[in-house]
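# Chain and residue survey
So you can see what is in the structure, the chains are spelled out below.
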Amino acid sequence: MPDTLDDRPDPIRATDDEARALARRLIAGARFGALGVIDPETGFPAVTRIALGAGPEGGLWTLVSGLSAHSRALRADPRAGLLVGEPGPKGDPLTHPRLSLQVEARPLTRDDPRFDAARTRWLTDHPKAKLYIDLPDFFFVEFILLGGSLNGGFARAYRLGPADLAP
């Protein structure tokens, strides 16, 4: 029996095609997630729930208000964490797959040639956003996927790189 936590075997499995496919399904199916940012005023982590969807060419995007604390934090430091995957209706929530992503946030300005396509795609997936999408403080953020930690259920932990997460 190990004497300390440091003596335990590494619980991370070798990344395989099944893990990659599960991670990609979690990303493709994500309609919201928990976004972790660093508050520029305090230096402490801050977490909020955001809407998610695909951008014009796929990927993972959000639409945020420039007035929100998390948009100010992303402008100050584009590094963030993003958790996707929701518990099912039954069972222990910790046995359901989830993916913790390291991302870089890239804002999309209204003069970007992709803006109209992003707007159209977003409204297709999020029709209620029609109420606020055209307000001047709202903008899109594209998340560049840098890596992730997949928990596919009990004893199914994986580390994934950008190539593992790409569609």
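Quantities reported herein were computed from a predicted structural model and do not represent experimental measurements.

### Overview of the overall build of the protein chain
Counting its regular elements, the protein chain contains four helices and nine strands. Its helices and strands taken in sequence order, the protein chain reads β-α-β-β-β-β-α-β-β-α-β-β-α from the N to the C terminus. Counting only C-alpha atoms, the protein chain reaches 60 × 35 × 30 Å along its principal axes. Buried residues in the protein chain amount to 36% of all 167 residues. Taking contacts inside the protein chain between residues at least 6 apart in sequence as the whole, the part at least 24 apart equals 64%.

### Thoughts on the pairing of strand 2 (residues 32–38)
Side-chain alternation along strand 2 places Gly33, Leu35 and Val37 on a buried face and Phe32, Ala34, Gly36 and Ile38 on a face that remains uncovered. The pairing of strand 2 with strand 3 (residues 45–51) spans seven bridges and is antiparallel. Bridged to Ala34 within strand 3 is Arg49. A loop of six residues connects strand 2 with strand 3, the two strands running antiparallel in sequence, and Gly43 in this loop sits at a positive phi of about 80°. Both strand 2 and strand 6 (residues 79–84) contribute to a ladder of three bridges, which runs antiparallel. Paired with Gly36 across the strands is Gly81, a residue of strand 6.

### Notes on the environment of Val141
Structurally, Val141 can be placed in strand 8 (residues 138–151). In contact with Val141, other than residues within four places in its own chain, are Leu60, Trp61, Thr62, Val64, Ala105, Arg106 and Pro107.

### Structural notes on the nonpolar core
Note on soluble globular proteins: their nonpolar side chains tend to be buried together. Ranked by size, the top nonpolar core spans 29 residues in total, and within it Leu82, Leu99, Leu101, Phe143 and Leu150 carry the most contacts. Put simply, the parts of the chain that give this core at least two residues each are helix 1 (17–29), strand 2, strand 5 (58–65), helix 2 (69–76), strand 6, strand 7 (98–108), strand 8 and strand 9 (157–160). The residues contacting Leu82, other than those within four sequence positions of it, are Gly33, Ala34, Leu35, Ile50, Leu52, Leu60, Leu99, Ser100, Leu101, Val103 and Phe143. If you look at the next biggest cluster of nonpolar residues, it comprises 11 residues, including Trp61, Ala118, Trp122 and Phe140.

### Digging into the packing of aromatic side chains
The tally for this structure, following the rule as stated, stands at four aromatic pairs. With a centroid separation of 6.4 Å and 70° between ring planes, the pair formed by Trp61 and Phe140 is classed as edge-to-face. Taken as a pair, Trp61 in strand 5 and Phe140 in strand 8 lie far apart in primary sequence, 79 residues in all. Grouping aromatic residues by their ring pairs yields a cluster made of Trp61, Phe115, Trp122 and Phe140.

### Regarding a nonpolar patch on the surface
Taken together, the side chains of Leu131, Tyr132 and Leu135 make up a nonpolar region of the molecular surface, amounting to roughly 320 Å² of accessible area. Among the structural elements, Leu131 can be located in the loop between helix 3 (115–125) and strand 8. Using a relative accessible area of 76% as the deciding quantity, one classes Leu131 as exposed.

### Brief notes about helix 2
By the burial criterion, the buried members of helix 2 are His70, Ser71, Ala73 and Leu74. An end-on view of helix 2 places all buried positions within 160° of arc, on one side of the element. Away from its buried face by more than 90 degrees, helix 2 exposes Ala69 and Ala76. Contacts made by the buried residues of helix 2 are with strand 2, strand 3, strand 5, strand 6, strand 7 and strand 8.

### A short note on the side chain of Asp77
Within the secondary structure, Asp77 sits in the loop between helix 2 and strand 6. Classification of Asp77 by relative accessible area gives buried; the value is 18%. A distance of 2.7 Å separates a polar atom in the side chain of Asp77 from a polar atom in the side chain of Arg79.

Criteria and thresholds
Residues numbered from 1 in each chain as written. Predicted model: local features only at pLDDT ≥ 70, side-chain atom pairs only at ≥ 80, totals over all residues. Heavy atoms only, no water. Helix = DSSP H or I, 4+ residues; strand = E, 2+ residues; numbered from the N terminus. Buried < 20%, exposed > 50% of the residue type's maximum accessible area, 1.4 Å probe, protein only. Contact = heavy atoms within 4.5 Å. Pairing = 2+ DSSP bridges. Core = buried A, V, L, I, M, F, W, Y, C linked by side-chain atoms within 4.5 Å. Phe/Tyr/Trp six-rings, centres within 6.5 Å; stacked < 30°, edge-to-face > 60°. Patch = residues over 30% accessible without salt bridge, like charges linked within 9 Å, V, L, I, M, F, W, Y side chains within 5 Å. Areas by Shrake-Rupley, 256 points an atom, 1.4 Å probe, with all protein chains shown as cover. Salt bridge = Lys/Arg side-chain N within 4 Å of Asp/Glu carboxyl O. Arc of directions from axis to C-beta. Polar contact = N/O pair within 3.5 Å; in protein donor to acceptor, adjacent residues only side chain to side chain.

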